[in-house]
Structures are given as structure tokens and as C-alpha cells.
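Topology and contacts: notes
One-letter residues, chain by chain:
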Amino acid sequence: MSFVSHVECTICGHRHDPARLLTVCETCGQMLAVRYDLERVRASVTKDALRGRPPGMYRFRELTPLDDGEAPVTLGEGGTPLLALPRLAAHFGMTTLWAKDEGQNPTGSFKARGLGMAITRSRTLGAKGFVIPSAGNAGGAAAAYGARCGLPVAVVVPRSTPAANIAEALIAGAHVFTLEGSIATAGTVVARAAPALGWFDLSTLKEPYRLEGKKTIGLELAAELGWRMPDVLLYPTGGGTGLVGIPKGYAELKAMGWLAGALPRFFAVQADGCAPVVKAFAEGAETTAAWEHPTTHAAGLRVPSPFAGRQMLRVLRETGGGAVAVGEDAIREAQRLVARVEGIWTAPESAALVAALGVLLDRGALARDAEVVLVFTGSGLKYEPPPLAAPTDLAGTEAEVLAQVRRAVGA
Ligand SMILES: *Cc1c(COP(=O)(O)O)cnc(C)c1O
């Protein structure tokens with residue numbers, strides 16, 4: 001028994017039995033979403049009761065699809081800090097800027113939330129193994145959670161995937177396959193391999209459970225800001241799980257009467273070399289079109305044909321937000337800036353948000369006194385660092401070494 005009422009297609013509304021292991025809508029092939037009996041949730045839990053629970057994404061257990069007593073496959077995901085960024089705000093002449101630092105999750109990215117939830121739920125519903133196409137972090141997280149519960153995982157990634165992502169999947173015992181192309185190419189292999197192996201396909205948003213994990217970012221943000229929402233939220237967008245999941249969390253809390261007012265304006269941030277959502281938004285299109293030759297070193301943004309294009313565009317338009325793309329050098333510069341002024345070595349994907357913030361402020365699309373939250377989706381440690389100054393190598397006599405130190409420090 002959970003608080004789930006049913007699972008519903010986000011496009012045609014067709015209802016599915018939540019007790020079955022589900023993938024996409026059996027009527028129209030679109031993305032499914034879990035719906036809850038929110039009246040019953042409200043009657044069963046209080047904000048005070050939540051405060052007394054251990055931190056982490058299962059603090060909001062009533063708003064997850066877990067059955068009563070179902071033990072999650074967990075590595076302690078969620079419960080990441082919402083960090084004020086006063087020095088970065090000052091750099092941009094802003095008043096209030098926050099980062100939800102998802103790089104502090106197990107496996108170093110917010111993929112831990114989605115894959116932890118998806119593997120927990122699909123395992124309970126009968127999955128015997130998992131296959132996943134990935135741009136990097138999702139494959140690593142799937143491998144870790146598969147190892148955690150002793151089920152096999154196959155990961156298919158582009159050859160250009162960051163080395164740390166391939167290593168983390170291998171060390172967790174996953175079967176790792178690389179190929180020429182992007183996550184879209186990997187997805188076509190997975191679509192054929194999953195039924196052949198009899199393993200569950202964990203492709204982004206082609207099953208309804210990963211979204212419920214990503215949604216917990218929105219639930220945590222609501223609690224951390226004292227049960228209110230910020231004015232603006234910037235999200236580095238690949239497959240769009242958080243872009244669809246965070247507003248879902250907010251909407252559920254609103255329906256429970258725990259939050260009031262308008263949702264934040266959501267902005268999707270992409271790379272110039274792969275910006276299908278930015279293009280579709282600018283053209284007023286209903287969904288995204290496949291992006292030819294996607295290139296960016298922000299691996300998680302290299303998603304040329306996201307499955308949930310339609311759902312993402314709906315969020316951007318309904319919240320009065322937008323979409324912006326930034327260049328490779330701007331991402332690298334932003335990555336150094338955040339580390340230098342706030343001490344956070346964030347992933348290139350989330351550094352792109354900082355580059356985009358400058359663009360949006362310059363365009364007048366954002367007011368400098370707006371309260372803005374950046375979703376820092378991953379740790380920078382898993383990527384090739386941006387170009388940095390070389391360290392000063394010390395050699396020679398004691399006096400020479402001291403002179404070298406003083407010269408380098410400038411004191
Ligand atoms: C996967 C990933 C993204 C993109 O997330 P989506 O939910 O696919 O849009 C952004 N940043 C990092 C670090 C990622 O791993």
C-alpha cells in the first residue's frame with residue numbers, strides 16, 4: 001500500500017495500474033507520471049513530522065511510489081544543501097542567489113536520486129536486470145544502485161563519455177558498452193537489448209519512477225526555503241527529468257496546501273552545440289526536433305532528441321520562463337568563476353547555468369533582485385578540468401624556495 005492513486009499518461013491521460021511494472025503509455029507511447037491521493041497524504045503527514053525524520057529523499061516518503069514497508073535501494077541520496085551564493089550574486093549585481101548542490105549526492109550527481117528510485121521501484125515490481133543508455137552520470141548511478149541490490153546492469157554510452165563515468169560503471173561491475181554517436185544512438189541499442197535480455201529499460205523518462213526521484217529536489221527546495229518557492233529556477237537541460245520533476249513536486253505540495261502562489265519561472269539552459277529545447281522554444285514548436293551532430297563537453301547536455309521535449313516546453317511556457325544556450329568557453333570560464341568565488345567545483349553542465357545567468361541578466365530577461373535558484377546537478381571532479389594556471393614547482397635552496405613562494409603569492 002502506497003499513496004499512489006494511479007499512473008497516468010502526461011499526454012493522453014490514459015490510466016495505468018500502478019502495481020504493474022510500467023514503461024511508456026500503452027495507448028500513445030508517451031511519458032507516464034505517477035499520481036497520488038494527495039488528500040490522504042495531507043491527512044497522514046505534517047511539516048513537523050517531516051522535520052524529525054532523517055535527511056535524504058525518503059524524508060518525503062508519502063510522496064514517493066514506495067509501498068508501505070518497502071525498503072529502498074539507497075546510498076544516502078538527497079538531502080543536499082541549498083547554498084547561498086553571496087559572492088557570486090555580488091559578481092552579477094544580484095541580491096539573492098542560491099545553488100542546490102546536487103554534486104554532494106552519492107556518485108557525484110543528482111542522477112543518484114532518479115536511478116535510486118527507478119531501481120528501487122522496478123526491482124520491487126519484478127525487474128531482474130537493467131539496461132541504460134547514458135551520456136555519463138546516469139550509467140554510473142545505475143551501475144552503483146544495481147551493485148547495491150545485487151542485480152546486473154548494462155550501460156551503453158558514447159565513446160566520448162567522461163572517463164570517470166566509464167570507470168564508475170566498470171568498478172561497480174556493470175557491463176559497459178561504448179559506441180560512436182550520442183545517447184540517442186545508445187538508446188536504439190538499448191531499445192533492442194532490453195527485451196532480448198529480459199532486463200528493464202531505464203532510458204530517461206521511458207519509465208515513470210525516475211521522475212519521482214528527481215521530483216524530490218523540488219520537495220526539498222520547498223522545505224529549505226521555508227515552504228515557499230523562488231522567483232526563478234535555472235536547470236541544465238538534457239533529457240529534462242528535473243525540469244519536469246521539480247515543478248511536479250511543487251504542484252503536489254500546492255495541491256496539498258503546503259505551498260501557495262505561482263511556480264517559479266523555469267529556464268532551460270543548454271550548450272550551443274546541442275540546444276534542441278532552446279530551438280523549439282524560440283520557434284514556438286510543440287515538441288523538440290532531433291539536433292544534428294550534437295557536440296559539447298558538458299556531457300549531460302548532449303541529448304539531441306529528448307523523449308520529454310513536449311513536457312519540458314510545456315513547463316517553460318506555463319511558468320513564463322525561457323531557454324538559453326551558451327558556448328563551450330563560457331561554460332569553462334563559469335566553472336572557474338564559481339570555484340574561485342564560492343569554492344564549488346561544479347560540473348560543466350551546471351556551470352552553464354552561471355554563464356546563462358549573465359546572458360539573461362544582460363538581456364533584461366531577469367531582474368537583478370529576483371530570487372534565483374541554480375540546480376548544480378553534479379560535481380566537477382568527474383570531468384576533465386577546464387584550462388588552469390600551472391602550479392609553481394619549488395626547487396633549490398631554502399632561500400630560493402621561499403623567494404619562489406613569495407613571488408608566486410605576491411607578498
Ligand atoms: C544528466 C545530467 C544533466 C541533465 O539532466 P536531465 O535531467 O537529463 O536534463 C545535467 N547535469 C548533469 C551533471 C547530469 O549528469
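Notes on the structure in this doc start here. (Residues numbered from 1 in each chain as written. Predicted model: local features only at pLDDT ≥ 70, side-chain atom pairs only at ≥ 80, totals over all residues. Heavy atoms only, no water.)

**Observations regarding the overall build of the protein chain**
Test applied: Secondary structure elements are taken from DSSP: a helix is a run of H or I of four residues or more, a strand is a run of E of two residues or more, and numbering for both begins at the N terminus. Computation of the radius of gyration draws on C-alpha atoms alone. For the globule rule, the value is 2.2 Å times the number of residues to the power 0.38. A 1.4 Å probe rolled over the protein chains alone gives each residue an accessible area, and that area as a share of the maximum for its type sets the label: buried under 20%, exposed over 50%, partly exposed in between.
Helix and strand counts for the protein chain stand at 14 helices and 13 strands. Against the globule reference of 22 Å for 411 residues, the protein chain gives a C-alpha radius of gyration of 21 Å, in line with a compact fold. Each principal axis of the C-alpha atoms in the protein chain carries an extent, and together these give about 75 × 45 × 45 Å. Classification of the 411 residues of the protein chain by burial places 56% in the buried group.

**Focus: the packing of helix H12 (residues 328-342) against helix H13 (residues 348-363)**
Applied cut-off: Axis definition: a line fitted to C-alpha atoms, over the contacting stretch in the case of helices. Angles run 0 to 180 degrees between N-to-C directions. Angle categories are assigned with fixed cut-offs, so that under 35 degrees is roughly parallel, over 145 is roughly antiparallel, 65 to 115 is roughly perpendicular, and the rest are oblique. Here, two residues are considered to be in contact whenever any of their heavy atoms come within 4.5 Å of each other. Under the grouping applied here, Gly and all other residues not named as nonpolar or charged are polar, the nonpolar ones being Ala, Val, Leu, Ile, Met, Phe, Trp, Tyr, Cys and Pro and the charged ones Asp, Glu, Lys and Arg.
Contact geometry for H12 and H13: axes closest at 8 Å, N-to-C directions at 90°. As judged from the angle between their axes, H12 and H13 are roughly perpendicular. Residue-level contacts link Ala330, Ile331, Ala334, Gln335, Leu337 and Val338 of H12 to Pro348, Ala351, Ala352, Val354 and Ala355 of H13. Considered class by class, the residues forming the contact of H12 with H13 number 10 nonpolar, one polar and no charged.

**Examining the packing of aromatic side chains**
Two measures describe an aromatic ring pair: the distance that separates the ring centres and the angle between the ring planes. Stated formally: Pairing of aromatic rings covers Phe, Tyr and the six-membered ring of Trp, with a centre-to-centre limit of 6.5 Å; geometry is then stacked below 30 degrees between planes, edge-to-face above 60, and tilted otherwise.
A complete count under the given rule lists two aromatic pairs for this structure. Considering the side-chain rings of phenylalanine 110 and tyrosine 235, the 6.1 Å spacing of their centres and the 50° angle between planes classify their relative orientation as tilted. Of this pair, phenylalanine 110 sits in the loop between strand E5 (96-101) and helix H4 (111-124) while tyrosine 235 sits in strand E10 (residues 232-236), and the two are 125 residues apart along the sequence. For the pair phenylalanine 110 and tyrosine 235, one class covers both residues: buried.

**Section: the sheet that holds strand E9 (residues 200-201)**
Where we set the bar: We call two strands paired when DSSP finds no fewer than two bridges between them.
Reading across the sheet, the four strands line up as E8-E7-E6-E9 and stay open at both edges, with parallel pairing between neighbours. Single-partner strands in this sheet number two, and they are strand E8 (175-179) and E9. Both strand E6 (residues 130-133) and E9 contribute to a ladder of two bridges, which runs parallel. Counted as the bridge partner of valine 131 is aspartate 201 from E9. Here helix H7 (residues 183-197) sits on the sheet and contacts E6, strand E7 (153-158), E8 and E9; the angle it forms with E6, its principal contact strand, is near 165°.

**Structural notes on the sheet that holds strand E4 (residues 82-84)**
Consider a sheet: its strands pair through backbone hydrogen bonds, and that pairing is either parallel or antiparallel. Pairing within the open sheet is mixed, and its six strands lie in the order E4-E5-E13-E10-E11-E12. The open sheet terminates on both sides in strands that have one partner only, identified here as E4 and strand E12 (322-326). On average, each strand axis in the sheet is tilted by 25° relative to the strand beside it, whichever way the strands run. Of the strand pairs in this sheet, E10 and strand E11 (residues 265-271) are connected by five bridges, and their pairing is parallel. Considered in E11, the bridge of leucine 233 is made with phenylalanine 266. Sheet strands touched by helix H10 (residues 276-283): E11 and E12. Its angle to E12, the strand with the most contacts, is close to 135°.

**Quick word on the environment of tyrosine 145**
The topology assignment puts tyrosine 145 in helix H5 (residues 137-149). In this structure, the C-alpha to C-alpha distance between tyrosine 145 and tyrosine 383, residues 238 residues apart in sequence, is 21 Å.

**Concerning the nonpolar core**
Condition: In this description, a nonpolar core means a group of buried Ala, Val, Leu, Ile, Met, Phe, Trp, Tyr and Cys residues linked to one another through side-chain atoms lying within 4.5 Å.
If you look at the biggest cluster of nonpolar residues, it comprises 80 residues, and the most contacted ones within it are Leu202, Leu233, Tyr250 and Leu253. With seven residues, H5 is the single largest residue contributor to this core. Beyond its immediate stretch of four places on either side in the chain, leucine 202 contacts Leu115, Ala118, Ile119, Phe130, Val131, Ile132, Ala142, Glu207 and Arg210. In terms of nonpolar packing, the next biggest core, distinct from the first, is built from 36 residues, Ala89, Leu97, Leu337 and Leu353 among them.

Any functional reading would require information that these geometric values do not contain.
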